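# Descriptive analysis of the structure
For reference, the chains in residue letters:
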Amino acid sequence: MADIWLMRHGAYEGHRPGYHAPHEATLTADGRNGVRRSLPLPDSITAIATSPIPRARQTASLISHLTGLPIVATSGLLAEWRAPSIVLGQTAETYPPAYRAWRARRLTNPSLRCEDGESLTDLHARASYCAQLLNRTAQRHGPLLVVSHKLLLGVLTRLHEGPTVFAAAAASPWPFAERRLFPTHDQTQQHPSARR
């Protein structure tokens, strides 16, 4: 099996702790410099896959430009957790009551959604499908660099823990432009609670 390296996108406009970035947030100059500093990549990497969200796509495009590696896949499966629109651009001190209520119940009821947001169960199922896509893409194109987002990457690396791993993924640091090798255990195996 070809190696798969997971990378968080570079720093983006408006970022601060607890912030739910709007979809259109783009890389800052510091973010682009951080991506440049993340090079060189491991020698074995032959292709790039990316989330379509601008900050990830810009990161992947910059790496492609600097290394000559092709972007072979852009997939919505790699998009960040879909936060409810009522919290986009908000931080913890300005979260609305509906979101605060959802946060208090999300781990005991992972299928619960807050308005138009993605439930923890839905995110976990998407990450499971994403792992399958990445394995197929690496089989086809060789060792792969995957550019995505903190929460999705955190769930991907701990699929075996089930939908409530979201809380651990949110609390675990994953610095901008940092790479980590995708765990070698069978990532295509779904947790029983994610099956439908």
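Residues numbered from 1 in each chain as written. Predicted model: local features only at pLDDT ≥ 70, side-chain atom pairs only at ≥ 80, totals over all residues. Heavy atoms only, no water.

### Things to note about the environment of Gln90
- Relative to the helices and strands, Gln90 resides in the loop between strand E3 (71–74) and helix H3 (97–105).
- Contacts of Gln90, omitting those with residues within four sequence positions, involve Gly18, Tyr19, His20 and Tyr95.
- A distance of 2.7 Å separates polar atoms of two side chains, one belonging to Gln90 and the other to Thr94. (Helix = DSSP H or I, 4+ residues; strand = E, 2+ residues; numbered from the N terminus. Contact = heavy atoms within 4.5 Å. Polar contact = N/O pair within 3.5 Å; in protein donor to acceptor, adjacent residues only side chain to side chain.)

### Focus on the packing of aromatic side chains
- As enumerated under the stated definition, the model contains six aromatic pairs in all.
- Ring centres 5.6 Å apart and planes at 15° place the aromatic pair Trp81 and Trp102 in the stacked group. Highlighted residues: Trp81 in the loop between E3 and H3 and Trp102 in helix H3, separated in sequence by 21 residues.
- Relative accessible area serves as the criterion here: at 2%, Trp102 is assigned to the buried category.
- Relative to Tyr99, the ring of Tyr95 has its centre 4.8 Å away and its plane inclined at 75°; by these criteria the two rings are edge-to-face.
- Tyr95 sits in the buried class, given a relative accessible area of 8%.
- In this structure Tyr99 comes out as buried when scored by relative accessible area, which is 1%.
- Chaining the aromatic ring pairs together yields one cluster made of Trp81, Tyr95, Tyr99, Trp102 and Phe166.
- Sitting over the face of the ring of Tyr12, Arg55 holds its NZ or CZ atom 4.8 Å from the ring centroid. (Phe/Tyr/Trp six-rings, centres within 6.5 Å; stacked < 30°, edge-to-face > 60°. Buried < 20%, exposed > 50% of the residue type's maximum accessible area, 1.4 Å probe, protein only. Lys NZ or Arg CZ within 6 Å of the ring centre and 35° of its normal.)

### Thoughts on the sheet that holds E3
- The five strands are arranged E3-E2-E4-E1-E5 in an open sheet whose pairing can be described as mixed. The sheet is open, and its two edges are formed by E3 and strand E5 (179–181), each paired on a single side. Strand after strand, the sheet turns through a mean of 25° between neighbouring axes, direction not considered.
- Direction of pairing for strand E2 (residues 47–50) relative to E3: parallel, over a ladder of three bridges. Along E3, the bridge assignment pairs Ile48 with Ile71.
- Contacts between helix H2 (residues 54–67) and the sheet are confined to strand E1 (4–8), E2, E3 and strand E4 (144–148), with E2 contributing the most and set at about 170° to the helix. (Pairing = 2+ DSSP bridges. Axes fitted to C-alpha atoms, helices over the stretch in contact; angles between N-to-C directions.)

### Examining the pattern of salt bridges
- This structure, assessed with the given rule, holds four salt bridges.
- The shortest N-O distance in the salt bridge between Arg126 and Glu118 comes to 2.9 Å.
- A residue is classified by how much of its surface remains accessible, and Glu118, at 6% relative accessible area, is buried.
- Where Arg158 meets Glu161, a salt bridge forms, and the shortest distance between an N and an O atom there is 4.0 Å.
- With a relative accessible area of 40%, Glu161 lands in the partly exposed category. (Salt bridge = Lys/Arg side-chain N within 4 Å of Asp/Glu carboxyl O.)

### A closer look at the layout of surface pockets
- The computed volume of the largest pocket comes to approximately 720 Å³.
- Along its surface, the largest pocket is lined by 35 residues, and Tyr19, His20, Ala21, Glu80 and Leu151 are the ones closest to its centre.
- Mapped by element, the contributors of at least two residues to the lining of the largest pocket are H3, helix H5 (150–156) and helix H6 (165–171).
- Looking at side-chain class alone, the lining of the largest pocket contains 18 nonpolar, eight polar and nine charged residues. (1 Å grid on protein atoms, 1.4 Å probe; cavity = no way out; pocket = protein on both sides within 12 Å on 5 of 7 lines; lining within 4 Å. Points joined across faces, edges and corners; volume = space filled by probe spheres on them. Nonpolar A, V, L, I, M, F, W, Y, C, P; charged D, E, K, R; others polar.)

### Digging into the environment of Ala2
- Examined against the element boundaries, Ala2 turns out to sit in the segment before E1.
- The exposure class assigned to Ala2 is partly exposed, which follows from its relative accessible area of 22%.
- In the structure, Ala2 is positioned 136 residues away from Ala138 in sequence and 5.8 Å away in space, judged by C-alpha atoms.
- Every residue in contact with Ala2, bar those within four places of it in the chain, is listed here: Ala138, Gly142 and Pro143.

### Observations regarding the packing of helix H1 (residues 29–37) against H2
- For the pair H1 and H2, interaxial distance at closest approach is 10 Å and the crossing angle is 45°. Between H1 and H2, the crossing angle belongs to the class labelled oblique. Pair H1 / H2 crosses with right-handed handedness. Taken together, the residues of H2 that come into contact with H1 (itself represented by Arg32, Val35 and Arg36) are Thr59, Leu62, Ile63 and Leu66.
- Residue classes in the contact of H1 with H2 are distributed as four nonpolar, one polar and two charged. (Parallel < 35°, antiparallel > 145°, perpendicular 65-115°, else oblique. Left-handed = near helix turned anticlockwise from the far one by under 90°.)

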